[in-house]
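# Observations on the three-dimensional arrangement
Residues per chain are reported as follows:
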Amino acid sequence: MRRISSLAMTVKRRNHLWRLHPPPPSKEASSSINQSKTTKVSNSKFNFNLNDNVYIRPKSTKEFGISGRIVDITSSVSSGSTTTSAKDGNGIKKRRLEDIRVSIQQSQNGNIKVGVRPSRLFPIYESKETLIIITPDTTNYRQLATSHLRVSDKVLEIGCSTGECTALVLRRLMLLYNNNNLKQEQKNDVQNGSICAFDIGSDMVEQASSRVHSEFNALQQHSHQAADLQMPTYTDMVQFYKIDALLDPKRAYTLATTNTINSNPSKAAPDVILIDIGGNRELKGVVQMIEWVQSAFCQNDDNSVRVIVVKSESLAEELTKSPKEEDEKKIEADSSTVQQQLVMDNGIINQGQEWFTTLLSSFSTNTTASTATNHHQRCAPTYNHPLKAPLVLSPKDDTAICRFHNYDIDGCKNGTRCPYDHQYCHWCREIGHTALNCHHFK
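What you are looking at is a predicted structure, and each value in this text was computed from that prediction instead of being measured. (Residues numbered from 1 in each chain as written. Predicted model: local features only at pLDDT ≥ 70, side-chain atom pairs only at ≥ 80, totals over all residues. Heavy atoms only, no water.)

## Things to note about the overall build of the chain
- Of the regular secondary structure elements, the chain holds 11 helices and 18 strands.
- Within the chain, the proportion of its 442 residues that are buried is 46%.
- Partitioning the intrachain contacts of the chain with sequence separation of at least 6 by distance along the chain shows that 67% fall at a separation of at least 24.
- Looking at the chain as shown, the accessible area adds up to about 23300 Å², and 48% of this sits on carbon and sulfur atoms. (Helix = DSSP H or I, 4+ residues; strand = E, 2+ residues; numbered from the N terminus. Buried < 20%, exposed > 50% of the residue type's maximum accessible area, 1.4 Å probe, protein only. Contact = heavy atoms within 4.5 Å. Areas by Shrake-Rupley, 256 points an atom, 1.4 Å probe, with all protein chains shown as cover.)

## Here's the deal with the environment of Tyr 55
- One can find Tyr 55 in strand E4 (residues 53-56).
- We classify Tyr 55 as buried; its relative accessible area is 3%.
- Sequence separation between Tyr 55 and Ile 66 is 11 residues, and the spatial gap between their C-alpha atoms is 5.8 Å.
- Once you skip the residues sitting within four places of it in the chain, Tyr 55 turns out to touch Phe 64, Gly 65, Ile 66, Ser 67, Arg 120, Leu 121, Phe 122, Ile 124, Gln 143, Ser 147 and Arg 172.

## Remarks on the packing of aromatic side chains
- All told, the structure shown has 8 aromatic pairs when counted by the stated rule.
- Taking the centre distance of 6.3 Å and the plane angle of 70° together, the rings of Phe 198 and Tyr 241 count as edge-to-face. Here the residue Phe 198 occupies a position in strand E13 (residues 194-199), and Tyr 241 occupies one in strand E14 (residues 238-242), the gap between them amounting to 43 residues.
- An angle of 85° between the planes, with centres 5.4 Å apart, marks the rings of Trp 292 and Phe 297 as edge-to-face. Per residue, the accessibility class of Trp 292 equals that of Phe 297, and both read buried.
- Of the aromatic side chains, those joined through ring pairs into one cluster are Trp 18, Trp 355 and Phe 356. (Phe/Tyr/Trp six-rings, centres within 6.5 Å; stacked < 30°, edge-to-face > 60°.)

## A closer look at the packing of helix H2 (residues 138-147) against helix H3 (residues 164-181)
- At a closest axis distance of 9 Å, the pairing of H2 and H3 adopts a crossing angle of 25°. Classified by the angle between their axes, H2 and H3 sit roughly parallel to one another. When the axes of H2 and H3 are compared, the crossing they make is right-handed. Contact with H2, carried on its side by Tyr 141, Arg 142, Ala 145 and Thr 146, involves Glu 164, Cys 165, Leu 168, Val 169 and Arg 172 of H3 and no other residues of that element.
- Residues of the contact of H2 with H3, tallied by class, amount to 5 nonpolar, 1 polar and 3 charged. (Axes fitted to C-alpha atoms, helices over the stretch in contact; angles between N-to-C directions. Parallel < 35°, antiparallel > 145°, perpendicular 65-115°, else oblique. Left-handed = near helix turned anticlockwise from the far one by under 90°. Nonpolar A, V, L, I, M, F, W, Y, C, P; charged D, E, K, R; others polar.)

## As for the sheet that holds E13
- Pairing within the open sheet is parallel, and its 7 strands lie in the order E1-E11-E18-E17-E12-E13-E14. Here the strands that pair on one side only, and so sit at the sheet edges, are strand E1 (16-20) and E14. Between one strand axis and the next, the sheet turns through 15° on average, direction left out of account.
- The pairing of strand E17 (residues 272-275) with strand E18 (residues 307-311) spans 4 bridges and is parallel. (Pairing = 2+ DSSP bridges.)

## Describing unusual backbone geometry
- Following His 21, the chain continues to Pro 22 via a peptide bond in cis, the omega torsion being -5°.
- Following the sequence through the fold, Pro 22 ends up in the loop between E1 and strand E2 (40-42).
- For Ser 161, which is not glycine, the phi dihedral falls at a positive 55°.
- With a phi close to 50°, Gln 351 is a non-glycine residue in the positive phi region.

## Digging into the pairing of strand E9 (residues 112-116)
- Pairing of strand E8 (residues 100-106) with E9 involves 3 bridges; the strand directions are antiparallel. Of the residues in E9, the one forming a bridge with Gln 105 is Ile 112.
- Between E8 and E9, which pair antiparallel and follow one another directly, the connecting turn spans 5 residues, one of which, Gly 110, has a positive phi of 85°.

## Brief notes about the environment of Leu 170
- With respect to the secondary-structure elements, Leu 170 resides in helix H3.
- Take Leu 170: its relative accessible area is 0%, and that puts it in the buried class.
- Remark: the alpha-carbon pair of Leu 170 and Leu 219, spanning 49 residues in sequence, is separated by 9.3 Å.

## Side note on the pattern of salt bridges
- Evaluation of the coordinates by the stated rule reveals 6 salt bridges.
- Between Arg 211 and Glu 164 there is a salt bridge, with the nearest N and O atoms lying 3.4 Å from each other. Taken as a pair, Arg 211 in helix H4 (residues 202-226) and Glu 164 in helix H3 lie far apart in primary sequence, 47 residues in all.
- Classification of Glu 164 by relative accessible area gives partly exposed; the value is 33%.
- A salt bridge links Glu 215 to Arg 211; the nearest nitrogen and oxygen atoms lie 3.3 Å apart. One end of the pair is Glu 215 and the other is Arg 211, both in helix H4 and 4 residues apart, which spans about a single turn.
- By relative accessible area, which is 30% here, Arg 211 ends up partly exposed.
- Connected via shared salt-bridge partners are Glu 164, Arg 171, Arg 211 and Glu 215. (Salt bridge = Lys/Arg side-chain N within 4 Å of Asp/Glu carboxyl O.)

## What about the sheet that holds strand E10 (residues 121-123)?
- Spatial ordering of the open sheet is given by E9-E8-E5-E4-E10, a layout of 5 strands whose pairing is antiparallel. Each edge of the open sheet carries a strand with a single partner, namely E9 and E10. On average, each strand axis in the sheet is tilted by 45° relative to the strand beside it, whichever way the strands run.
- Against the sheet, H2 touches E4 and E10, its axis set at about 80° to E10.

## Concerning the nonpolar core
- In terms of nonpolar packing, the biggest core is built from 55 residues, with Leu 121, Val 169, Phe 240 and Leu 274 touching the most fellow members.
- The biggest single contributor to this core is H3, with 9 residues.
- If you look at the next biggest cluster of nonpolar residues, it comprises 39 residues, including Leu 20, Cys 298, Ile 308 and Leu 315. (Core = buried A, V, L, I, M, F, W, Y, C linked by side-chain atoms within 4.5 Å.)

The structure is reproduced here in structure tokens:
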């Protein structure tokens, strides 16, 4: 508890801009993408203005993915200006007109790409402060991770799982590096980006390493076919480690800040940090991980993290939940107080660091209260699917405790063929029973 309180006070020294992505739904954002304005445009999810920084979502994995600034919004009257939407009940694809086109000045080379459909635009958030983006789902998490990368970024991924997001980040970094190297004037001036990936399960680290190594080999072969480029090695770009940053913060910090490119070790903080320790993991674990990231990497204004992306359903729900009944009574009793909206229409969280510090302090208070409460009075968690439960490792070894065995009324269908632990309870980590039959439940 003392450690949490001191760190909560320490991280106030560094300014942070907190965002929720996607922003709360508004009438304008949910309206049709056909608009007559020339200074503003919307797709089905986001609003954009002239001079906004955006990312053009690639249509396939072979495309580069362009980032840049909106410099023009024009009307289009072409009859072929259509985009595919959802299928109807008969399985026939419907077409939706997009009578607006956008011109993007590319950040890579300054060239202007015209005729971009608004439906392909994804926002790039800019801030002079450390930007912390919270998102509840995998799709947006991966879009944020790839769209906000720069060519030389050092990325720390906490919770790489089987490496799906890691592979996307690697692809983006390699494409950025190739694109810069193809320009002769920058051929020897650009350093490649790198990824340091953590996970607490040895099996996850093995799967992720295999998945990402295959992706690297495929991308490297394609690069050599496209041009005679000098590509970095796999170990220069990607390192995987089995580690829990909360249990071993000193070693985690050392691994995350050590740069071994070109066999010349040096220390440097990550530019981008991705946190996905189970998007539905208990709120306390996510908050503690953000606290460690802030205290470890966000203290030096000259060498601090640029972007932190957090995937957490529970944290997003905390931001959007309605006020408690007692809070509403306080607001009504003090009508002279102007209440600020916590999450603004553009997704910015009002006084985000203060909100986070208060949330962090609440866990310290709850921990104190819980120590006086009997362990047997804890209430059972509710999960609508076994995989919604957080990953828990067996006390015996590093094997994950089987969630289907613990939370599915029919048990684990794989039986003895299941590679996960069936001996220990997922809830209390005691041997001999499952979470559904745990005697510690109320």
